[in-house]
Amino acid sequence: MLQNKRILLGVCGGISAYKSVDLVSRLKKAGAEVQVVMTEAATHFVTPLTFQTMSNNVVHVEMFNQLSNMNVEHISLAKWADCIVIAPATANTMAKLAYGIADNMLSTVALAARSPILLAPAMNTGMLRAEATQKSLAILSARSGVEILPTGSGLLACQDVGEGKMAEPKEILSYIDRALTKKTLQDVEITITAGPTLERIDPVRFVSNHSSGKMGYALAKAAADRGAKVHLISGPSRLEAPVGVDFIPVESTEEMFRAVESLFSRTRVLIKAAAPSDFKPAHYTEEKIKKRESGEMAIALRPNPDIAKHFGAIKGDRVIVGFAAESHNMRTYAEKKLKEKNFNFIVANNITEKDAGFRADTNRVEIFFSDGKAESLPIMDKSALAEIILDKVEQELES
Ligand code: PMT
């Protein structure tokens with residue numbers, strides 16, 4: 001999403017300025033063009049040369065440098081930017097932005113801005129909680145086009161423990177992505193299931209599968225970036241819930257079923273990227289099952305509800321998208337599931353292929369539609385595939 005986007009990074013004087021160097025590196029790796037504006041105070045923490053090297057661009061600090069061309073620098077920078085990110089944003093700079101004080105390059109560019117402004121505050125807890133700072137934050141968060149990123153808690157540079165840590169660069173990147181994405185699914189309510197489910201045998205053992213949640217989480221992030229109200233129902237996964245989604249952790253297929261049921265009446269689009277266990281142990285054993293000297297043992301399994309099939313049967317005018325994890329006869333099995341579960345379309349991945357299906361960062365899929373059409377896609381990142389799937393969801397919503 002950030003390919004060729006023009007990001008203007010404002011850096012204020014705070015120790016977390018060192019993290020902003022990593023932010024520049026991540027932005028560049030994502031294909032963005034970056035220009036950095038530092039306050040004079042920021043230059044005491046990290047040198048302009050560091051940002052210049054990382055961004056491959058001249059760093060702007062002084063307001064009154066001799067013009068190297070006939071552009072008025074603060075105005076041309078404000079016009080240039082697709083998005084302005086101020087990280088770290090100090091109490092001082094936020095107070096200036098709140099009241100329109102423009103007394104250095106950064107506050108002047110921000111005042112002239114036409115693009116979205118993201119502020120990643122970082123400061124001591126006392127400064128953050130101070131009435132004056134809270135007032136600045138209230139004024140800025142009410143201003144259209146300005147978004148204040150949440151601060152984290154922990155040990156601060158001043159050795160206090162509390163709120164005020166700057167958001168991590170990875171998280172800031174997600175916010176930038178979101179700010180720059182067209183809101184083509186604004187307020188559409190989308191429920192996405194992701195990850196495996198886990199069915200307990202006894203207190204230590206369970207039945208599950210290799211799903212990591214990557215495919216479902218990528219869809220949730222992409223949908224939230226497009227402005228959708230996303231409910232992400234996830235089985236056990238190590239992934240962090242994407243910014244801005246309603247996250248509903250579940251464990252078993254039964255729990256996943258109930259979570260979908262509770263949201264179904266408000267759901268406009270249901271995307272079933274999870275790999276729910278089709279079976280669960282017929283009985284849960286309260287105590288750990290002991291090893292038997294006699295060798296073999298068997299666990300009786302009984303079927304779990306088929307979530308997709310159940311809700312497909314009462315679909316109404318919703319769009320329902322399914323996935324199919326297949327190891328052979330992909331087309332035949334995928335088309336059977338498409339019909340049986342009443343999907344608008346089904347995304348079939350061959351789980352025996354390297355770099356596709358379970359756990360991989362990439363996927364290679366074929367999409368089968370209810371009108372008989374099919375489309376084969378090349379291998380790509382799950383995040384890129386999520387965008388293509390959502391484009392198709394948008395087409396289904398329009399038809
Ligand atoms: O999580 P990752 O590591 O990124 O891996 C992604 C994935 C391989 C899990 C994903 O791309 C995928 O294929 N998900 C579907 C896996 C699956 O359960 O396939 P299936 O062919 O068994 O089921 C068909 C459809 O019915 C799926 O949409 C599934 O979510 C749904 N289903 C299945 C069983 C069940 N009891 N209830 C269901 O709703």
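Look up: the structure comes first, before these words.
I will try to describe carefully the structure that is included in this document. (Residues numbered from 1 in each chain as written. Predicted model: local features only at pLDDT ≥ 70, side-chain atom pairs only at ≥ 80, totals over all residues. Heavy atoms only, no water.)

1. Topic: the nonpolar core
So, step 1. Counting residues in hydrophobic clusters, the biggest one holds 35 residues, and the most contacted among them are Ile190, Leu219, Ile271 and Ile389.
So, step 2. Those elements giving two or more residues to this core turn out to be strand E8 (189-194), helix H9 (214-225), strand E11 (229-234), strand E13 (269-272), strand E16 (319-326), strand E17 (345-350), strand E19 (365-369) and helix H13 (382-398).
So, step 3. Among the elements that make up this core, the one with the highest residue count is H9 (8 residues).
So, step 4. Residues contacting Leu219, with those up to four places away along its chain left out, are Ile192, Ile271, Ala273, Phe323, Ala386, Ile389 and Leu390. (Core = buried A, V, L, I, M, F, W, Y, C linked by side-chain atoms within 4.5 Å. Buried < 20%, exposed > 50% of the residue type's maximum accessible area, 1.4 Å probe, protein only. Helix = DSSP H or I, 4+ residues; strand = E, 2+ residues; numbered from the N terminus. Contact = heavy atoms within 4.5 Å.)

2. A look at the sheet that holds strand E2 (residues 33-38)
Either a parallel or an antiparallel arrangement is found when strands of a sheet pair, and the pairing is made through backbone hydrogen bonds.
So, step 1. Across the sheet, which stays open at both edges, the 5 strands sit in the order E2-E1-E3-E4-E5 with parallel pairing between neighbours. The open sheet has two free edges, formed respectively by E2 and strand E5 (146-148), since each of these has just one partner strand. Looking at each pair of strands side by side, their axes are set apart by 20° on average, direction ignored.
So, step 2. Of the strand pairs in this sheet, strand E1 (residues 6-11) and E2 are connected by 6 bridges, and their pairing is parallel. Opposite Ile7, over in E2, you have Val34 as the bridge partner.
So, step 3. Against the sheet, helix H1 (residues 17-29) engages E1, E2 and strand E3 (83-89), with an angle of about 175° to E1.
So, step 4. Running at roughly 170° to E2, helix H2 (residues 48-55) makes contact with E1 and E2 of the sheet. (Pairing = 2+ DSSP bridges. Axes fitted to C-alpha atoms, helices over the stretch in contact; angles between N-to-C directions.)

3. Notes on the pattern of salt bridges
So, step 1. Within the structure shown, the criterion is met by 24 salt bridges.
So, step 2. For Lys280, the salt bridge identified is with Glu254, shortest N-O distance 3.1 Å. Of this pair, Lys280 sits in strand E14 (residues 279-281) while Glu254 sits in helix H10 (residues 253-263), and the two are 26 residues apart along the sequence.
So, step 3. Judged by relative accessible area, Glu254 falls into the partly exposed class, the value being 28%.
So, step 4. For Lys392, the salt bridge goes to Glu375, with nearest N and O atoms at 3.1 Å. In this pair, Lys392 sits in helix H13 while Glu375 sits in strand E20 (residues 374-376), placing the two residues 17 residues apart along the sequence.
So, step 5. Looking at Lys392, the relative accessible area reads 10%, which means it is buried.
So, step 6. Taken together, the shared-partner salt bridges connect Arg226, Glu387, Asp391 and Glu394 into one network. (Salt bridge = Lys/Arg side-chain N within 4 Å of Asp/Glu carboxyl O.)

4. What about the sheet that holds E13?
So, step 1. Strand order in this open sheet of 8 strands is E12-E11-E8-E13-E16-E17-E19-E20, and the pairing throughout is mixed. Because the sheet does not close on itself, it has two edges, and the strands there are strand E12 (246-249) and E20. Pairwise comparison of adjacent strand axes, ignoring direction, gives a mean angle of 15° for this sheet.
So, step 2. Note: E17 against E19, 5 bridges, orientation antiparallel. Directly across from Ile346, in E19, lies its bridge partner Phe368.
So, step 3. Here helix H12 (residues 330-340) sits on the sheet and contacts E16, E17, E19 and E20; the angle it forms with E17, its principal contact strand, is near 150°.

5. Thoughts on the site of the ligand
So, step 1. Taken together, the neighbourhood of the ligand is formed by 26 residues, with Ser211, Ser212, Lys337, Asn349 and Arg359 sitting nearest.
So, step 2. Ser211 has a polar side-chain atom sitting 2.6 Å from an oxygen atom of the ligand.
So, step 3. Between the ligand and the protein, one listed contact pairs an oxygen atom with a side-chain N or O atom of Asn349 at 2.7 Å.
So, step 4. With the chains in place, 96% of the 770 Å² that the ligand exposes on its own is no longer accessible.
So, step 5. Breaking the shell around the ligand down by element, the ones donating at least two residues are H9, helix H11 (307-312) and E16.
So, step 6. With 4 residues, the single largest contributor to the shell around the ligand is E16.
So, step 7. Tallied by class, residues from the shell around the ligand come to 12 nonpolar, 6 polar and 8 charged. (Near = heavy atom within 4 Å. Polar contact = N/O pair within 3.5 Å; in protein donor to acceptor, adjacent residues only side chain to side chain. Areas by Shrake-Rupley, 256 points an atom, 1.4 Å probe, with all protein chains shown as cover. Nonpolar A, V, L, I, M, F, W, Y, C, P; charged D, E, K, R; others polar.)

6. Looking at the side chain of Thr108
So, step 1. Tracing the backbone through its elements, the reader meets Thr108 in helix H5 (residues 105-112).
So, step 2. Classification of Thr108 as buried rests on a relative accessible area of 10%.
So, step 3. Excluding anything up to four places from it in sequence, Thr108 contacts Met63, His74, Ala102 and Asp103.

7. What about the packing of aromatic side chains?
For any pair of aromatic rings, geometry is given as the distance between the ring centres together with the angle between the planes.
So, step 1. By the definition in use, this model includes 4 aromatic pairs.
So, step 2. Measuring from centroid to centroid gives 5.2 Å for Phe257 and Phe311, while their planes differ by 40°, and the two rings are tilted. Taken together, the positions of Phe257 in helix H10 and Phe311 in helix H11 put the pair 54 residues apart, joining distant regions of the chain. Grouping residues by exposure puts Phe257 and Phe311 together as buried.
So, step 3. For the pair Phe345 and Phe369, a centre-to-centre distance of 5.4 Å together with 40° between the ring planes defines the contact as tilted. Of this pair, Phe345 sits in strand E17 while Phe369 is found in strand E19, placing the two residues 24 residues apart along the sequence.
So, step 4. Since its relative accessible area comes to 0%, Phe345 is described here as buried.
So, step 5. Cluster of aromatic residues (ring-pair linked, three or more members): Phe257, Phe264 and Phe311. (Phe/Tyr/Trp six-rings, centres within 6.5 Å; stacked < 30°, edge-to-face > 60°.)

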